[in-house]
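Structural overview
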Amino acid sequence: MEFSTILGAWVAAGLTLFIFSFLYKDNPFFKAAEHLYIGAGLAWHIQLIIYKIIKVKVWEPMKVAWASGNWFTIWMIIIPTILGLSLITQFIPRISWLSRYGFTFMMGYSAGLALPAGLATDFTNQILGTIEPFANIVNLTPGQLINALILLIGSISVLFYFFFSIEHKGAVKKISNFGIYFLMIYFGASFGNTVMARFSLLYGRFDLLVRYSNAQYFYATNWIIVGLVIYFLLEKFVLNKVIAKNS
Amino acid sequence: MNLIKKHIPLAIVFVFGIMTLASYYVPHRKSENYLEWINIWQNIVAAFALFLGAISLFYAHYKKIERKVDGWGYSLFVYFGFLVIMVAAIVSDGKISDNGKITFLGWSFNNIYNPLSATMFSVLAFFIISTAYRSFRIKSFPAFLLFIAGLVLMLGNIPLGEIIWDKLFAWTNTTIADIKNWIISVPSTAGKRGIMIGIAIGAAVTSLKIIFGIERGYMGKD
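Now for a look at the structure at hand. (Residues numbered from 1 in each chain as written. Chains lettered and ligands numbered in written order. Predicted model: local features only at pLDDT ≥ 70, side-chain atom pairs only at ≥ 80, totals over all residues.)

Considering the overall build of chain B
Check the secondary structure of chain B and you find nine helices and two strands. The C-alpha atoms of chain B give 26 Å as radius of gyration, which overshoots the globular expectation for 222 residues (17 Å, by more than 25%). Its C-alpha atoms put chain B at 75 × 50 × 45 Å along the principal axes. Counting the 222 residues in chain B, one finds 30% classified as buried. Looking at chain B alone, contacts between residues at least 24 apart form 33% of all its contacts between residues at least 6 apart. (Helix = DSSP H or I, 4+ residues; strand = E, 2+ residues; numbered from the N terminus. Rg over C-alpha atoms; globule rule 2.2 N^0.38 Å. Buried ≥ 20, exposed ≤ 12 C-beta atoms within 10 Å, placed from the backbone. Contact = placed C-beta atoms within 7 Å.)

Here we look at the overall build of chain A
Tallying secondary structure elements over chain A gives seven helices and zero strands in all. Starting at the N terminus and ending at the C terminus, chain A contains elements arranged as α-α-α-α-α-α-α. On C-alpha atoms alone, chain A measures out to a radius of gyration of 29 Å, which is more than a quarter above the 18 Å that the 2.2 N^0.38 rule sets for 247 residues. Referenced to the eigenvectors of the C-alpha coordinate spread, the extents of chain A come out at roughly 75 × 60 × 50 Å. Taken over 247 residues, chain A has a buried fraction of 33%. At a minimum sequence separation of 6, the contacts of chain A that also span at least 24 residues come to 31%.

Things to note about the interface of chain A and chain B
At the junction of the two partners, chain A supplies 97 residues and chain B supplies 101 residues. Those elements that place two or more of their residues in the side of chain A that touches chain B are α1 (3-20), α2 (28-68), α3 (71-88), α4 (99-135), α5 (142-161) and α6 (171-211) of chain A.

Examining helix α6 (residues 141-155) of chain B
In this model α6 of chain B runs 21 Å from its N-terminal to its C-terminal C-alpha over 15 residues, within 8% of the 21 Å that 1.5 Å per residue would give. Buried residues of α6 of chain B: L145, L146, A149, G150, V152, L153, M154 and L155 of chain B, and no others. Buried residues belonging to α6 of chain B abut α6 of chain A together with α5 (124-135), α7 (159-169), α8 (176-185) and α9 (187-211) of chain B. (Expected span 1.5 Å × (residues − 1).)

Remarks on the environment of P115 of chain B
As for its position among the elements, P115 of chain B is in helix α4 (residues 104-122). When the 27 C-beta atoms within 10 Å are taken as the criterion, P115 of chain B is described as buried. Those residues in contact with P115 of chain B that lie beyond four places of it in its chain are A12, L15 and T16 of chain A.

Things to note about the nonpolar core
A33 and A40 of chain A together with I85 and L116 of chain B are the most contacted members of the largest nonpolar core, which totals 66 residues. Each of domain 1 (1-49) and domain 2 (70-122) of chain B gives at least three residues to this core. Apart from the residues within four sequence positions on either side, A33 of chain A is in contact with L15, F18 and I19 of chain A together with L116 of chain B. Within the second largest apolar cluster, 27 residues are counted, among which are Y161, L183, Y186 and V195 of chain A. (Core = buried A, V, L, I, M, F, W, Y, C linked by C-beta atoms within 7 Å. Domains from an automatic or database assignment.)

Focus on the environment of Y113 of chain B
Positionally, Y113 of chain B belongs in helix α4. Separated by 110 residues in the primary sequence, Y113 of chain B and L3 of chain B have C-alpha atoms spaced 46 Å apart. Those residues in contact with Y113 of chain B that lie beyond four places of it in its chain are A40, G41 and W44 of chain A together with I85 and S108 of chain B.

Some remarks on helix α1 (residues 2-25) of chain B
An ideal rise of 1.5 Å per residue puts 34 Å on 24 residues; α1 of chain B measures up with 34 Å between its terminal C-alpha atoms. Its axis deflected by about 25° at I8 of chain B, α1 of chain B carries its strongest bend there, up to four residues before the proline P9 of chain B. Buried within α1 of chain B we find P9, I12, V13, F16, G17, T20, L21 and S23 of chain B. Tucked into the core, α1 of chain B has its buried residues touching α4 of chain A together with α2 (29-67) and α9 of chain B. (Bend = angle between axes of the 7 residues up to and from the residue.)

Structure (structure tokens):
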């Protein structure tokens, strides 16, 4: 097996166990891994931006446009680059107002895009999905009809719960309270899904640790666990006593 | 000065907001070209926004190191982690693999970034269990519904759930997966729909307020 693979196994197992060590208590290994994650995560996204956006959408098209004298493309690259660079002026108080140009472009674009897209997917499509089954009511089985009615009544009652223009009393209160039941089922289902997603990540981590505890990886997981246990024992029985004695 | 500090930025929001909004409803080649270009513009501008965050992060950790605040040594790991991945990216020219062979960047992703990222999120599984204990205490009927929906969703995704269901409720001629799918597609969707419609209305109103310059919080102070 290649040296880089074995080294990778030790690094991956080490970093995984350093983060898991937080389950025992906060410790220097976890803090180091946590800070490493911040730096590595930032670098990962920055390199993606450099190689997938700056290089592909700015540098290379600019070279081609410059060589062919295509001034339209040149300006279409220079303008957003200047708008982007204007954001950096946030750090220079005297000219920080320049960053508004970049921010306002992003806000305008995002608002203009979110409005129709949000209305189409989250508003009209949701209403359509709720009432569509009733357009075909004669072909629905009793079960499908009951489901369609539950969907309709549930959606309306949840909307009543979020309708604050009138006071919630009498019939409105009863309907909005009924909406809470549907909201609770949705929250419970979302919670269950989140738990399962986290656990599937956890299984993946355990799988990696088991794989790297093999002889071909020189028992990386085992040795790192032993090292961490020795550190925590030393900290508990030696280091803490020395610190207490000195203070 | 008011013109370049305030009115032009507000005009930019209005122009790009209206044009992007209109291009969604105008099925014309020019409108499609506009959307194509403006998406590239957004990618480029947003890319610089990440540099803004990076500078801010580096400055915060630099200050920690300079002032030697408690735990300043850990801030060095931020720079170290950043350097390792950046050097790997430069050496590998931003490629994960080259001719089927994993590059230094690919190695760094598989053995540094991915373990850190996946483990950080998987640790939350343990904390979710303690949260579940607190949130699933059944004190009322809505809390009971929350508990049942969460429990069925979890059991419906694991073989143990199927075994328990088959032992206790085999006579119902349904499976736990059927119940799970029904919860997701009917009552849970009803709850979700109400929220989504509310969010869509809120987002539409906020978008209009931004486009017409009523909402200006993002402009900062003068």
